[in-house]
Amino acid sequence: SAVISQKPSRDICQRGTSLTIQCQVDSQVTMMFWYRQQPGQSLTLIATANQGSEATYESGFVIDKFPISRPNLTFSTLTVSNMSPEDSSIYLCSVEEARANYGYTFGSGTRLTVV
Amino acid sequence: AQSVTQLDSHVSVSEGTPVLLRCNYSSSYSPSLFWYVQHPNKGLQLLLKYTSAATLVKGINGFEAEFKKSETSFHLTKPSAHMSDAAEYFCVVSGRDFGNEKLTFGTGTRLTIIP
């Protein structure tokens, strides 16, 4: 399966600041996905990032708050802007495996705490 | 639109006894269905995937799931629980929503194994 390197693994940030999360994949992928997992909750899709086009955001998520870059087929970043304690969550990136029947692979996540 | 309902938020079984984690889905077309496991402070791991081939899908670690279209169910089972199975399990449906492939996660089932 694809190997995803996501960093930072965790961070504690001051409210009002921004954090950029990086996701590096060891193979070229068309689409990358960003998810949020709030404490004790399931995963919610934030946006889908295609290389060479604007990211597609899900309802409730906006580009000003969660800008995404996708400069090439192996890398993407998610920025959490103007953070508040409500943004404290685990953020995960994901890719769809090229091989059939392999599903989606997830990064290990970034545990963000906003104080 | 697609959705997933995990019928039990918490399941407890004794070590060596069978495991049943229930999942119902809703989709307007033939979906792909997955089960993922998340161990404490670990990333998501794919257990198994259904993609309209055999209705009984075998996964890793002795888990399997049966796709039942008439019941819109995709329950996860294991004949004999092991202590290492204690984790959070997510049932996931994949489908196209306005052109983009996306995953929808269930709310999760926490599996506890009693020694």
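You'll find the structure just up there.
Residues numbered from 1 in each chain as written. Chains lettered and ligands numbered in written order. Predicted model: local features only at pLDDT ≥ 70, side-chain atom pairs only at ≥ 80, totals over all residues. Heavy atoms only, no water.

1. Considerations on the pairing of strand β7 (residues 68-72) of chain A
Residues and elements named next belong to chain A. When β7 meets strand β8 (residues 75-80), the two strands line up antiparallel, connected through 3 bridges. In the sheet register, S69 faces β8, and the bridge partner there is T77. What sits between β7 and β8 in their antiparallel hairpin is a turn of 2 residues. (Pairing = 2+ DSSP bridges. Helix = DSSP H or I, 4+ residues; strand = E, 2+ residues; numbered from the N terminus.)

2. Focus on the packing of aromatic side chains
For the structure on display, the rule yields 15 aromatic pairs over all chains. With 5.3 Å between their ring centres and 85 degrees between their planes, F106(A) and Y36(B) make a pair best called edge-to-face. Here the residue F106(A) occupies a position in strand β10 (residues 104-106), and Y36(B) occupies one in strand β5 (residues 32-38), the pair thus bridging two chains. On the basis of relative accessibility, which here comes to 8%, the residue F106(A) falls in the buried class. With centroids separated by 6.0 Å and ring planes inclined at 35 degrees, the aromatic side chains of F34(B) and Y36(B) adopt a geometry described as tilted. Across the pair, Y36(B) and F34(B) agree in class, each one buried. Through successive ring pairs, a cluster of aromatic residues spans F33(A), Y35(A), Y104(A), F106(A), F34(B), Y36(B), F90(B) and F105(B). (Phe/Tyr/Trp six-rings, centres within 6.5 Å; stacked < 30°, edge-to-face > 60°. Buried < 20%, exposed > 50% of the residue type's maximum accessible area, 1.4 Å probe, protein only.)

3. As for the interface of chain A and chain B
Counting residues at the interface gives 18 residues for chain A, matched by 18 residues for chain B. Of the roughly 1500 Å² buried between chain A and chain B on both sides combined, carbon and sulfur atoms contribute 53%. The interface formed by chain A and chain B holds 1 salt bridge in total. With its nearest N and O atoms 2.6 Å apart, the salt bridge here joins E58(A) to K102(B). Taken together, the links from chain A to chain B amount to 4 residue pairs in polar contact (both at pLDDT 80 or more). Counting residues per element, the ones that place at least two in the side of chain A that touches chain B are β4 (31-37), β5 (43-50) and β10 of chain A. Ranked by residue count, the leading element in the side of chain A that touches chain B is β4(A), at 4 residues. Classifying every residue of the side of chain A that touches chain B gives 9 nonpolar, 7 polar and 2 charged. (Contact = heavy atoms within 4.5 Å. Buried area = accessible area lost by both parts, 1.4 Å probe. Salt bridge = Lys/Arg side-chain N within 4 Å of Asp/Glu carboxyl O. Polar contact = N/O pair within 3.5 Å; in protein donor to acceptor, adjacent residues only side chain to side chain. Nonpolar A, V, L, I, M, F, W, Y, C, P; charged D, E, K, R; others polar.)

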